[in-house]
Amino acid sequence: MASVTIKGLKKIYDNKVTAVHDVNLEIKDKEFIVLVGPSGCGKSTTLRMVAGLEDISDGELYIGDRLCNDVAPKDRDIAMVFQNYALYPHMTVRDNIGFALKLKKVPKDEITKKVNEAAEILGITQYLDRKPKALSGGQRQRVAIGRAIVREPKVLLMDEPLSNLDAKLRNQMRAEIIKLRQRISTTFMYVTHDQTEAMTLGDRIVIMKDGYVNQIGTPQELFNKPVNLFVAGFIGMPVMNFFDGCKLLLENGVYYAEIRGVKFKLDDFQQKALKQNGQQPTDIVAGIRPSHISVGKGELTATISVSEMLGSEVHVHASSNQDDIVMVVPTVDLKQDLKMGDTIKFTTQPGLIQLFDKASSNNLIWFDKESADRSAPGCKVYNF
């Protein structure tokens, strides 16, 4: 198995369009890394450069200790699972899985053994003699994964492998990939636009936007410590609430966040961080997770637009001074009916408020100027 080291990776197309800007990433041996971001952010292009399917315009790619910029894809000891399965329709599942080994002239007995082992891991043994057209989407994707793992690659690349499946199958296949990861010893690079996949699968997540890396960290770090507005709004479901027109105040050496005329004294950690940064009073966007809002008390008010009962919790969509906000209320804490048009009070704990600079969109607590990638204006990197 092998680590993957990416240094200053760039992709510039012939029309002078830069699709990927200066990506730096250190992937440990056997680590599961997920690249996530909206369509067109450069995540698949980055993966294809690692695979050798796209030329590298600038920078260096190492698989293990080997510089692979000019190494042919077949010689990189990687395998790739594509979004559209890419199975041979005239071959059986058995032949599809073993095809790469056959090209390498691996002995038939060994091919049979490896194919059977992969089929058992993926739960498709009973389908080995069928052709792809006789399989469901989830079964076809398992075949595509089986074809990749029989090669025992140093690095397994997966490019949105679940995007063609329905919601139920995606959930099942996510669980299968987690089990697979525990049974095979390889390094994973996984691309998706689905933050749920990223949060459930990745040891670490790389968030990209417009060809730049914004933040690298564990799922919990990205959820609790977003470095800018984009990351905060991308990670988390329902998405974080943003309150515009807020202020960071400094009174007698104490910092407050003012939201809609209500002052919240920030907690000790926030006070220390802001003082260390020498932060001056400024205009901010305040961010609060829907699950961090307490309903039925406090000085902030909102008018309910929609109330969604989801069994264990209620999602309340409301309007507060032209801000559309969402509150997640556990049903066990529900002390009043939440009806459309009702006015409700709400509040939060000051330590749970995220403070984003209005001008730069960077988080005043978690954005680290020293370790930021200064080549990415407005899209800085903080690597935890």
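Our structure's up above, just so we're on the same page.
Because the structure is a prediction, the values reported are computed rather than measured. (Residues numbered from 1 in each chain as written. Predicted model: local features only at pLDDT ≥ 70, side-chain atom pairs only at ≥ 80, totals over all residues. Heavy atoms only, no water.)

**Examining the environment of Gln182**
Within the secondary structure, Gln182 is located in helix α5 (residues 167–183). On the basis of relative accessibility, which here comes to 65%, the residue Gln182 falls in the exposed class. As for Gln182 and Lys30, which are separated by 152 residues in sequence, their C-alpha atoms are 10.0 Å apart. (Helix = DSSP H or I, 4+ residues; strand = E, 2+ residues; numbered from the N terminus. Buried < 20%, exposed > 50% of the residue type's maximum accessible area, 1.4 Å probe, protein only.)

**Side note on unusual backbone geometry**
Put simply, Met237 and Pro238 share a cis peptide bond, and its omega is -5°. Along the polypeptide, Pro238 turns up in the loop between α8 (229–234) and β11 (241–251). Positive phi, normally seen in glycine, also occurs at Glu152, with a value near 50°. Its place among the elements puts Glu152 in the loop between α4 (137–149) and β7 (155–159).

**Looking at the side chain of Thr186**
By secondary structure assignment, the location of Thr186 is in the loop between α5 and β8 (187–192). A relative accessible area of 5% means that Thr186 is categorised as buried.

**A few points about the sheet that holds strand β18 (residues 343–348)**
Spatial ordering of the open sheet is given by β17-β16-β15-β18, a layout of 4 strands whose pairing is antiparallel. With partners counted over all chains shown, the strands left at the sheet margins are β17 (323–330) and β18, one partner each. Averaged over all neighbouring strand pairs, the angle between strand axes comes to 50°, with direction disregarded. (Pairing = 2+ DSSP bridges. Axes fitted to C-alpha atoms, helices over the stretch in contact; angles between N-to-C directions.)

**Brief notes about the sheet that holds strand β2 (residues 18–27)**
Read from one edge to the other, the open sheet built from 4 strands follows the order β2-β1-β4-β5, with strand pairing classed as antiparallel. The open sheet terminates on both sides in strands that have one partner only, identified here as β2 and β5 (66–67). Here strand β1 (residues 4–12) pairs with strand β4 (residues 58–63) via 5 bridges, running antiparallel. The residue of β4 that forms the bridge with Lys7 is Glu60. Lying on the sheet, helix α1 (residues 43–51) is in contact with β1, β2 and β4; it crosses β1 at an angle near 115°. (Contact = heavy atoms within 4.5 Å.)

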